[in-house]
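An overview of the molecular structure
The lines below spell out each chain.
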Amino acid sequence: MKAKDTLMLVLLAALWGASFLFMRVAVPVLGPLVLIDLRVLIAGLALLLYSLLLRKRPQLLHKWKQYLILGVCNAAIPFCLIAGAELSMNASLAAILNSMTPLFTAIIAYVWIKEPLTGRKIAGLLLGVTGVIVLVSWNAHAGSTGTIWAVVMSLGAAVFYGIGGIYSARAFQGEQPLNLAIGQQLAAGLLLLPVALFFLPSQLPSVSVIWSVLALALLSTSLGYLLYFRLIINVGAVKTVSVTFLVPVFGIVWGWMFLDEPLSLGMLLGLLIILLGVGLVIGIKLRSRRAVE
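Just so it is clear, the structure is predicted and the values come from calculations on it, not from any experiment.

Let's shift gears to the overall build of the chain. Scanning the chain from N- to C-terminus turns up twelve helices and zero strands. Listing every helix and strand of the chain by position from the N terminus yields α-α-α-α-α-α-α-α-α-α-α-α. A globule of 293 residues ought to have a C-alpha radius of gyration of about 19 Å, and the chain, at 18 Å, matches this closely. The principal-axis extent of the C-alpha atoms belonging to the chain is close to 50 × 45 × 40 Å.

Okay, here's the thing in structure tokens:
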């Protein structure tokens, strides 16, 4: 991988890791529904403007039903679940739990498209579960009902990411990546809008909240997707997926630097165990792809 692509990968991980920080700042004021609707609408419109500036008119209407499903599974529901979890959970913990996505994807792929669960994948899944147990049991507020529900919501978001990933691979073969990014965000925004209008905050948000929303939408989402798709073009999906290992690391660093979130041995140990599990699950998949290529 060239130095430029490596820097892009690290920047992508930093932006996606920062999304947990931005949500943690804004969600107590705006609530999950309003925050996420702003995130996807602003991000979708920014990507649409970018597409028009490049004179690449997005083609979305031919698969509008599929885009609505993708928007629900891969944006609206998981984004709202993570934002809801961060009402009672640190940004760093939410980032670590989100790294379970590849493990749930392996289970969903087995159930949905009959992709084999090899012994190595099963070992990876068991390691992932172990990591979550370590992570939660060592957390200072693990016994509280709020934290338990936050963990469930975070893991639920990872499940929906897995569903969305497999659905997009099956329903959008040959589709332009920029179309996918625009269609997913705008579909999620339009679906959330009627509900979010009932949960508007009673007072204007602070400057820090406004900046967090804009950074979440424009940096973590719009720019993040552009970097992601550029990396896929430059180095392929196999190397791009390694961002999975860096996102929770940045999530921990940003939470510690800007929100004074504590770093504990249990958190680091849980992260290490989960990432080892992710490595086993992704590693076997990547080798099989190389064999096909």
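At their nearest, the axes of helix 8 (residues 177-196) and helix 9 (residues 207-235) sit 10 Å apart, and the two run at 155 degrees to each other. Classed by the angle they form, the pair helix 8 and helix 9 counts as roughly antiparallel. When the axes of helix 8 and helix 9 are compared, the crossing they make is right-handed. Along its contact with helix 8, which presents Pro177, Leu178, Ala181, Gln184 and Gln185, the element helix 9 presents Thr221, Tyr225, Leu226 and Phe229. Tallied by class, residues from the contact of helix 8 with helix 9 come to six nonpolar, three polar and no charged.

Attention now goes to the packing of aromatic side chains. According to the stated counting rule, one finds eight aromatic pairs in the structure shown. Of the aromatic side chains, those joined through ring pairs into one cluster are Trp16, Tyr225, Tyr228 and Phe229. Here arginine 39 stacks its cationic end above the ring of phenylalanine 79, 3.8 Å away from the centre of that ring.

Take the layout of surface pockets next. Considering only enclosed or pocket space, the largest pocket measures out at about 1,700 Å³ in volume. Along the walls of the largest pocket sit 50 residues, with Asn74, Tyr161, Gly165, Tyr228 and Val241 positioned nearest its centre. Broken down by element, the residue count for the lining of the largest pocket peaks at seven residues, all from helix 9. Here the lining of the largest pocket is composed, by residue class, of 30 nonpolar, 14 polar and six charged. Along the walls of the second largest pocket sit 14 residues, with Tyr50, Lys56, Leu178, Arg230 and Ile233 positioned nearest its centre. Mapped by element, the contributors of at least two residues to the lining of the second largest pocket are helix 2 (32-53), helix 8 and helix 9. Its residues placed into classes, the lining of the second largest pocket shows eight nonpolar, three polar and three charged.

Before going further, it helps to spend a moment on the side chain of serine 92. Relative to the assigned elements, serine 92 resides in helix 4 (residues 91-98). Serine 92 gets classed as buried once you look at its relative accessible area, which sits at 1%. Within polar-contact distance, the side chain of serine 92 engages the side chain of glutamate 261 at 2.8 Å. Dropping the residues within four chain positions of it, serine 92 is found in contact with Gly251, Ile252, Glu261 and Met267.

Time to look at the side chain of asparagine 179. Counting through the fold element by element, asparagine 179 comes out in helix 8. A relative accessible area of 9% means that asparagine 179 is categorised as buried. Residues contacting asparagine 179, with those up to four places away along its chain left out, are Pro58, Gln59, Leu60 and Tyr67.

Conventions we followed
- Residues numbered from 1 in each chain as written.
- Predicted model: local features only at pLDDT ≥ 70, side-chain atom pairs only at ≥ 80, totals over all residues.
- Heavy atoms only, no water.
- Helix = DSSP H or I, 4+ residues; strand = E, 2+ residues; numbered from the N terminus.
- Rg over C-alpha atoms; globule rule 2.2 N^0.38 Å.
- Axes fitted to C-alpha atoms, helices over the stretch in contact; angles between N-to-C directions.
- Parallel < 35°, antiparallel > 145°, perpendicular 65-115°, else oblique.
- Left-handed = near helix turned anticlockwise from the far one by under 90°.
- Contact = heavy atoms within 4.5 Å.
- Nonpolar A, V, L, I, M, F, W, Y, C, P; charged D, E, K, R; others polar.
- Phe/Tyr/Trp six-rings, centres within 6.5 Å; stacked < 30°, edge-to-face > 60°.
- Lys NZ or Arg CZ within 6 Å of the ring centre and 35° of its normal.
- 1 Å grid on protein atoms, 1.4 Å probe; cavity = no way out; pocket = protein on both sides within 12 Å on 5 of 7 lines; lining within 4 Å.
- Points joined across faces, edges and corners; volume = space filled by probe spheres on them.
- Buried < 20%, exposed > 50% of the residue type's maximum accessible area, 1.4 Å probe, protein only.
- Polar contact = N/O pair within 3.5 Å; in protein donor to acceptor, adjacent residues only side chain to side chain.

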